[in-house]
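For reference, the chains in residue letters:
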Amino acid sequence: MVSRRTRFFCLVFLVSSCFFNLSNSDELKVMVKGVTSIAQTDDNFICATLDWWPENKCDYKQCPWGKAGLLNLDLKNRILANAVKAFNPLRLRIGGSLQDQVYYKVGNYPKNCSNFEKKSDGLFGFSDGCLHMNRWDELHDMFNKTGAAITFSFNALIGRIPSDENNTTLWVGDWNHYNAKSLMKYTINKGYKIDSYELGNELCGSGVAAKIKAHQYGNDVKKLKKLVTHMYPNPANRPKILAPSGFYDQKWFQEFLQTTGPGVVDGLTHHIYNLGAGVDPTLIDKLQNPFYLSQIAQTFKNVENDAKLFSPSSGPWVGESGGAYNSGGKTTSHTFVNGFWYLDQLGMTSTFNHKVYCRQSLIGGNYGLLNTTSFIPNPDYYGALLWHKLMGKNVLSITHEGSPYIRTYAHCSKTSGITVLLINMDKSTTFDVSVVNDLNMYAESVASVEYINPNPDSVESIHPREEYHLTPKDGNIQSDVLLLNGTPLKLTSSLDIPVLKPKLVDPTLPISVAPQSIVFATLRGFQAPACA
């Protein structure tokens, strides 16, 4: 007969065993090839957008834009200024769906220039809108004070008309560039700095609300190039030319690039909303599914190939990407779980030679890096800031043969050594990651050496590893409060962005990546000739 005491200890053992099995631990070796880089980004890869949407832009019975549009945003908000300034610099793209309905009130043109109004037969349900020069001055005052690098996207429909009553999505005719020229002249006379100009928004391929044929678009971009060259005679301060700023369509993109020819387009911009509609009830599952997230990789590869083949000077850019379209997911796009998609996108596009990645949006909608009403940074803001501070422009090959639920990316660090990004989407497994340095230029799996060196006198061991562990508050992946190394990230008492301090770790130990967490780790002693 089993005693009561024996039964008690058996029960304790079973409960503890069940509890223990809730969290597994796997050893994982990742191999980094530090001899050569596989791709390059721009030094300022991180970019965010400011959009034109007014307060009454609504989707799915919600209106998440508030006063975050370009015409009503509080440009004097201290948190906004500090959030932009922290990047030193942050790329900002000024554009979006309504940009092809914006006129620029310069001098006496146009005579009637009013704000956006709801209009049932208007593109995207709105009338034309107006950018007054006093607002343009206010925007540039903020840009100058924060050191932002500006892309401005012009209205590409001025001068065109719908082709006929039966096909109102196709617009025909030449682009009328005179309103753009007037704004450009005003901008130059004021001494405002523009990093790049872009023409049109989502007018390529089948378009969204309107479309233009590839050959016509190519000729219009050549017209923009000629205009910018004339207005900015000094190549040293001449803005770059970006286009076509829409969803990838291979046949359309290739015809467009053949029309422009090489040396016209500096940034081949395309848009990504690969998570589907913001109202999709399966959105949170997609955000944690590496197989779903990988489906977009071929698009990045195709755009890279088109740029190389037809216009080698046209580096690919993600010109706008919010993940889920129609303002993003109400309960996901501003929370921790969205970082699985966002940081994975940054890593993935980097490996395909994309130079810049513009997040929709800096503020506004459900996918803003900043909260629409309080301006307090959402989790992805800090993910973007860490990337900007840690990940250099040289991209390194990194591979492993473990679980697909841990994503790995490696770049030369912006300071010394390398930085790896580890994204663990697994709900129950901790990965203990050891980094292996592959010094062989030719073979895929030989001549590798362990970076983790137990010799206390080695060069590697005198450099503590710098780790940034990102987790959600209370373990809730739909929290909009982010923990850095276990501490909530909060604005300082003066509303400044907090300093992002690493945890210093013995480099002989593996990197422990907890379930549903994200880790940046800088390895100072890593011998990578590509980073020299």
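Thresholds, definitions, all that
- Residues numbered from 1 in each chain as written.
- Predicted model: local features only at pLDDT ≥ 70, side-chain atom pairs only at ≥ 80, totals over all residues.
- Heavy atoms only, no water.
- UniProt positions renumbered as here; feature names shortened; annotations may be inferred.
- Salt bridge = Lys/Arg side-chain N within 4 Å of Asp/Glu carboxyl O.
- Helix = DSSP H or I, 4+ residues; strand = E, 2+ residues; numbered from the N terminus.
- Buried < 20%, exposed > 50% of the residue type's maximum accessible area, 1.4 Å probe, protein only.
- Contact = heavy atoms within 4.5 Å.
- Phe/Tyr/Trp six-rings, centres within 6.5 Å; stacked < 30°, edge-to-face > 60°.
- Lys NZ or Arg CZ within 6 Å of the ring centre and 35° of its normal.
- Core = buried A, V, L, I, M, F, W, Y, C linked by side-chain atoms within 4.5 Å.

For the chain, the name recorded in an unreviewed UniProt entry is Heparanase-like protein 2, with Solanum stoloniferum as its organism. In its Sequence similarities (unreviewed entry) section, UniProt records this for the chain: "Belongs to the glycosyl hydrolase 79 family." The record in UniProt for the chain states the following under Function (unreviewed entry): "Endoglycosidase which is a cell surface and extracellular matrix-degrading enzyme. Cleaves heparan sulfate proteoglycans (HSPGs) into heparan sulfate side chains and core proteoglycans."

Caption draft 1: Looking closely at the pattern of salt bridges. Applying the stated criterion to the full structure yields 18 salt bridges. Among the salt bridges present, the one from glutamate 304 reaches lysine 301, with a minimum N-O distance of 3.6 Å. Here glutamate 304 pairs with lysine 301, and both are found in helix H9 (residues 297-310), just 3 residues apart, close to one helical turn. Its relative accessible area of 31% is what places lysine 301 among the partly exposed residues. Linked by salt bridges that have partners in common, Asp42, Arg91, Asp195 and Lys240 make up one network.

Caption draft 2: Examining the environment of leucine 90 more closely. Mapped onto the elements, leucine 90 comes out in the loop between helix H2 (78-85) and strand S4 (91-94). Residue classification places leucine 90 among the buried positions, given a relative accessible area of 1%. A C-alpha to C-alpha distance of 7.3 Å links leucine 90 and asparagine 44, two positions 46 residues apart in sequence. Ignoring anything within four residues of it in the chain, the contact list for leucine 90 reads Ile46, Cys47, Ala48, Val84, Ala148, Ala149 and Leu362.

Caption draft 3: Broad picture of the packing of aromatic side chains. Evaluated as defined, the whole model comprises 23 aromatic pairs. For the pair tyrosine 217 and tryptophan 252, a centre-to-centre distance of 5.4 Å together with 85° between the ring planes defines the contact as edge-to-face. Of this pair, tyrosine 217 sits in helix H5 (residues 214-231) while tryptophan 252 sits in helix H6 (residues 250-260); the two residues are 35 residues apart in sequence, bridging distant segments of the chain. Of the two residues, tyrosine 217 and tryptophan 252, both sit in the buried class. Among the aromatic residues, those joined into a cluster by ring pairs are Tyr104, Trp136, Phe152, Phe154, Tyr197 and Tyr232. Lying across the ring of tryptophan 53, lysine 57 places its NZ or CZ 4.2 Å from the centre.

Caption draft 4: Quick look at the nonpolar core. Of all hydrophobic cores here, the largest spans 123 residues; its most connected members are Leu92, Trp136, Phe154, Phe256 and Phe520. Formed by 22 residues, the second largest nonpolar core is a distinct cluster that contains Val32, Ile406, Ala410 and Val519.

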